[in-house]
Every structure is written in structure tokens, then in C-alpha cells.
Protein chains: 2
Amino acid sequence: MRLYGMRISGNCWKAAQILRLTGHEFDWIEIDGNAGETRTPEFLKINPIGKVPALVMDDGIVLAESNAILLHFAEFSPWLPPPGLARSKVHEWLFFEQYCHEPSLAVARNIITWRREAHLYPDRLAECARRGAEALDAMEQRLKENAWLVGEAPTIADLALFAYTHRADEGGFDLAQWPSVRAWVARVAALPGISTLPRPEDAG
Amino acid sequence: MRLYGMRISGNCWKAAQILRLTGHEFDWIEIDGNAGETRTPEFLKINPIGKVPALVMDDGIVLAESNAILLHFAEFSPWLPPPGLARSKVHEWLFFEQYCHEPSLAVARNIITWRREAHLYPDRLAECARRGAEALDAMEQRLKENAWLVGEAPTIADLALFAYTHRADEGGFDLAQWPSVRAWVARVAALPGISTLPRPEDAG
């Protein structure tokens, strides 16, 4: 399999992480979205939506959307409960992540830390700060009395939310305000086989 | 079961639609998000994210996120293929819907037709028009040579995308530009048991 991804992207991190956790080998092909490489004619042939991650499977079929990739490889593994309420709560967090969390935390992180363009987007960043805080509040409420987002063991809901939460500081969020989220970040990071996103000083 | 929803919302339409298609009875409780009713202390106890739909199941457990509700009730029905590549392509469209489609088509529809505030948000609507057209382009590409979004039969991917596509005109999108999408809208609407969203003149 070939995984087209951007090394600093939390969405791409999710895809690589679940492939490694479930024992799948793959080749990584670096695509720099900030440099326009997801919009070239060649890449749009692979993923017409022009986004990474995009996974080309052995039969040539392409699977996009980071959380669809998480679900695909977690099926029949301990990372995804069988059909029923627990699985549906995992789904709920996955959609929450893409609708309420990523558009604030990931966007703010990219503008502030990776593109260094905070001065260009003050209004957008204020909106990200407000909505991102709401998303972290929702996580805090769940994690105050629970170790994991769903049930009693880690699932792909934890992986999906960990992706951008463990680098929330790069988007201007201080997790000291959400202590249960901060403790959960440490708990996920300590699981066997979990990697973390590079910091700017490591990314070269 | 009690379904808290807003009658003019495509996300709430999805929840009611899959419950009816799979033979589940429920009580509908109208919540007007545009009037702030999703942010009252009472409603936030039901769904801390402050969004509809929110489904209170018989055991009191709440399931939110329209596409998680679709997945929950479609399991073991013809609306969701068994685990495997077809199911993962359904997931891909569901995440696409929430990330690339709904934030443009639903937001533009609400501002232009339901809140009648187009004059207040020209920049935001221009962004919706651009991104919404990209989302419709992606659907057109698939539907040019296929009757349904995944496989050879309708799935919840079709329901999820139908929700706001069949009222795309209310957000300023003319489906004449996407003829395969327009034909697919008619195809979904003609399926047994499919309802459509009210028009302003019907909504009272």
C-alpha cells in the first residue's frame, strides 16, 4: 500500500498510526499541502478531493478521509468495539472530531505554528479559539470521570482526537485549562506503539 | 425514543429518515437552533455540544451526530454494506459530507433562505459557494457513471448527501451545473419512504 501524506498533519498521522498498530506495511509518500502539492493534476487523479491522507490499497483502490481509514483498519481489532452502542459512540466522536474539533485546532495550529501567518487571520483565529475551546470543554466533560472517550479501553476515538489535541499548544490552546484532557493526552501517548507529531524544530 | 430536532435541518432529516426506514417509532421534539434553543441549560444537559439532532434512546443514552445515528440504525440493514471496502467507501462519503459538503451547502442555505441574512455575510457566502462547488464536483465525478455513491444500491451515503443536496438551490447552487447530481437527487427522492425537507412557504 502507498500512503500519501504530510508528515506534520494530524489527519495523516491517524492513517499511519492505525496501519502500524494493526501490523500493515506501507510506503509513505510525502505531499506538502501547504506548498500546493495536493492540487496538482497528478495528485487529483489519486484523490479528486485534493486532500491527504489518501491510501492506495493493493488492488489500486483509493481510500481517503482519515477517520474512514481508521475505521477500515480497526475493524475486527480491539481498537473498534463490535456493532452496538459502544461502536456508535466511537462514530459520534469521529464525526465530532471532523466537524467541531479539527476545523478549529488543526486550522489554528497550521496558521500559527506551521505557516506563521497569525497576523493575516486575526478574525479566523478568534473563531478557532472560541470553537476549539468548546470542543475541548466537551472532551473535558467526558474525560473528567473516564480514562477513555468510549468504554473502558482505548479506541480509534482516542486516536482520532489525540491527533490534534496533543499539539493543541501549537494552535494557541493551553491544556492547563483542560486538566482531564491533558492527563488523557499523556495516557494515550504512553500506549504501546503510539508516535507523536514532529515539532517545528524537528521538521527541518 | 425521543428525537430532538429542527424540522428544517438536513442533519435532523437524516436521523428521522433512517428511523422511519428501519421501522423505529420515535417522538419528535422541535428545537429551533436559529432561536438559540440548542444552547439552553436544559438542552445542554441532553447534548453538551449544543447541537441537534440528539436522540434519547430507550435506556436514556443519548446519541448525537447525524451520521453516527445513520450508522447506528443502518447496521444489519440493506442501507449499510457489511464490513469491507464498500462499507469503508460509505464512511468516506459520510466524513466528506460533514467536512466538505455540509459546512458549505447547509450554512449557505441557512444564511440565504432561512435567516435571510445574505447581506450580512458576503465573504462567508463567497467561500461557501467556492467550497460547495468543489463538493458538488466530487459528487458529479462519481455519479457521472454510477447510479449511487457506493456500489450498486442506495446506502446511507446517499441519504447523508441527499439531505442538503436536494435543497442546494436554497444556498444559491444551481444543480443544472451538476446534471448527474441532479439526476441522482431525483433517483433518491423516488425511493420508497423518502421524505423531503420543507420549503419556506410550507414551514409557516
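Since the structure is predicted, the reported quantities are computational estimates derived from the model, not experimental observations.

Reading the values: rules and limits
Residues numbered from 1 in each chain as written. Chains lettered and ligands numbered in written order. Predicted model: local features only at pLDDT ≥ 70, side-chain atom pairs only at ≥ 80, totals over all residues. Helix = DSSP H or I, 4+ residues; strand = E, 2+ residues; numbered from the N terminus. Rg over C-alpha atoms; globule rule 2.2 N^0.38 Å. Buried ≥ 20, exposed ≤ 12 C-beta atoms within 10 Å, placed from the backbone. Contact = placed C-beta atoms within 7 Å. Pairing = 2+ DSSP bridges. Axes fitted to C-alpha atoms, helices over the stretch in contact; angles between N-to-C directions. Nonpolar A, V, L, I, M, F, W, Y, C, P; charged D, E, K, R; others polar. Left-handed = near helix turned anticlockwise from the far one by under 90°. Right-handed = clockwise from strand over helix to strand, strands pointing away. Parallel < 35°, antiparallel > 145°, perpendicular 65-115°, else oblique. Domains from an automatic or database assignment. Least-squares fit on C-alpha atoms with pLDDT ≥ 70 in both.

Draft legend 1. Just the overall build of chain A, in detail. Scanning chain A for helices and strands turns up 8 helices and 4 strands. Along chain A, helices (α) and strands (β) appear in the sequence β-α-β-α-β-β-α-α-α-α-α-α when read from the amino end. In terms of overall size, chain A behaves like a compact globule, its C-alpha atoms giving a radius of gyration of 17 Å where 204 residues would be expected to give roughly 17 Å. Of all 204 residues assigned to chain A, the portion counted as buried reaches 46%. Partitioning the intrachain contacts of chain A with sequence separation of at least 6 by distance along the chain shows that 65% fall at a separation of at least 24.

Draft legend 2. Focus on the sheet that holds strand β3 (residues 54-56) of chain B. Residues and elements named next belong to chain B. Strands sit in the order β2-β1-β3-β4 across an open sheet of 4 strands; the sheet is mixed. Two strands in the sheet have a free side with no partner beyond their single neighbour: β2 (27-30) and β4 (62-64). Geometrically, the sheet is characterised by an average inter-axis angle of 20° between neighbouring strands, direction not taken into account. Judged from the 3 bridges that link them, strand β1 (residues 2-5) and β3 form a sheet pairing that is antiparallel. The partner of Arg2 across the bridge, within β3, is Val56.

Draft legend 3. Looking closely at the interface of chain B and chain A. Between chain B and chain A, the contact holds 23 residues from the first and 23 residues from the second. If you list the elements that add at least two residues to the side of chain B that touches chain A, you get β4, α3 (66-74), α4 (85-114) and α5 (122-143) of chain B. In terms of residue count, α4 of chain B provides more of the side of chain B that touches chain A than any other element does, 9 residues in total. A per-class count over the side of chain B that touches chain A returns 14 nonpolar, 6 polar and 3 charged.

Draft legend 4. Looking closely at α3 of chain B. Taken across its 9 residues, α3 of chain B has 9 buried, putting it largely inside the fold. Restricting attention to buried positions, one finds in α3 of chain B the residues Ser66, Asn67, Ala68, Ile69, Leu70, Leu71, His72, Phe73 and Ala74 of chain B. For α3 of chain B, the elements touching its buried residues are α4 (85-114) of chain A together with α1 (10-21), β3, β4, α4 and α6 (156-165) of chain B.

Draft legend 5. Spatial organisation of the packing of helix α1 (residues 10-21) of chain A against helix α6 (residues 156-165) of chain A. Residues and elements named next belong to chain A. One can describe the packing of α1 onto α6 by two numbers: an axis separation of 8 Å at closest approach and a directional angle of 145°. Here the hand of the crossing between α1 and α6 comes out right-handed. Facing α1, whose interface residues are Gly10, Asn11, Trp13, Lys14, Gln17 and Ile18, α6 presents Ile156, Leu159, Ala160, Ala163 and Tyr164. Here the contact of α1 with α6 is composed, by residue class, of 7 nonpolar, 3 polar and 1 charged.

Draft legend 6. Spatial organisation of the pairing of strand β2 (residues 27-30) of chain A. Residue and element names in this part refer to chain A. By the bridge criterion, 4 bridges tie strand β1 (residues 2-5) to β2 in an arrangement that is parallel. By the bridge assignment for β2, Gly5 is matched with Glu30. This β-α-β element, β1 to α1 to β2, shows right-handed connectivity.

Draft legend 7. Summary view of the packing of α1 of chain B against α3 of chain B. All names here are of chain B. Between α1 and α3, the least distance of the axes is 8 Å, while the angle of their chain directions is 10°. Taken as axis vectors, α1 and α3 run roughly parallel relative to one another. Residues Asn11, Lys14, Ala15, Ile18 and Leu19 of α1 form the contact with α3, whose participating residues are Ser66, Ile69, Leu70, Phe73 and Ala74. Its residues assigned to classes, the contact of α1 with α3 comprises 7 nonpolar, 2 polar and 1 charged.

Draft legend 8. Just the domain arrangement of chain A, in detail. Residues and elements named next belong to chain A. According to the domain assignment, chain A consists of domain 1 (2-74) and domain 2 (85-189). Taking only C-alpha atoms, the centre of domain 1 and the centre of domain 2 are 21 Å apart. Of all the secondary-structure elements, those providing two or more residues to the side of domain 1 that touches domain 2 are α1 and α3 (66-74). Among the elements that take part in the side of domain 1 that touches domain 2, α1 stands out by supplying 6 residues, more than any other. Among the residues forming the side of domain 1 that touches domain 2, the class breakdown is 6 nonpolar, 5 polar and 1 charged.

Draft legend 9. Structural detail: the relation of the copies chain B and chain A. Each copy of the sequence occupies a distinct position, and chain B is placed on chain A by a rotation of 180° and an axial shift of 0.0 Å, giving an RMSD of 0.0 Å. The transformation just described matches what one would write down for a two-fold rotation axis. Of every C-alpha in chain B, the one belonging to Tyr99 of chain B sits nearest the axis of rotation, 3.1 Å from it. When the interface residues of chain B are mapped onto chain A, 100% of them again fall at the interface, so both copies present the same face.

Draft legend 10. Broad picture of the environment of Asp123 of chain A. By the secondary structure assignment, Asp123 of chain A is in helix α5 (residues 122-143). Judged by local crowding, Asp123 of chain A falls into the exposed class, with 8 C-beta atoms found within 10 Å.

Draft legend 11. Focus on the sheet that holds strand β3 (residues 54-56) of chain A. Residues and elements named next belong to chain A. The 4 strands lie next to each other as β2-β1-β3-β4, forming an open sheet whose pairing is mixed. The sheet terminates laterally at β2 and β4 (62-64), the two strands that pair on one side only. Taken pair by pair, the neighbouring strands of this sheet meet at an average axis angle of 20°, ignoring direction. Running at roughly 155° to β1, α1 makes contact with β1, β2 and β3 of the sheet.

Draft legend 12. Expanded view of the environment of Ala74 of chain A. All names here are of chain A. As for its placement among the helices and strands, Ala74 is situated in helix α3. Judged by the 20 C-beta atoms lying within 10 Å of it, Ala74 falls in the buried class. Residues Ala74 and Leu94, spaced 20 residues apart in sequence, show a C-alpha to C-alpha distance of 13 Å. Not counting residues within four places of it along the chain, the set of residues in contact with Ala74 comprises Ile18, Trp79, Leu80 and Ile156.

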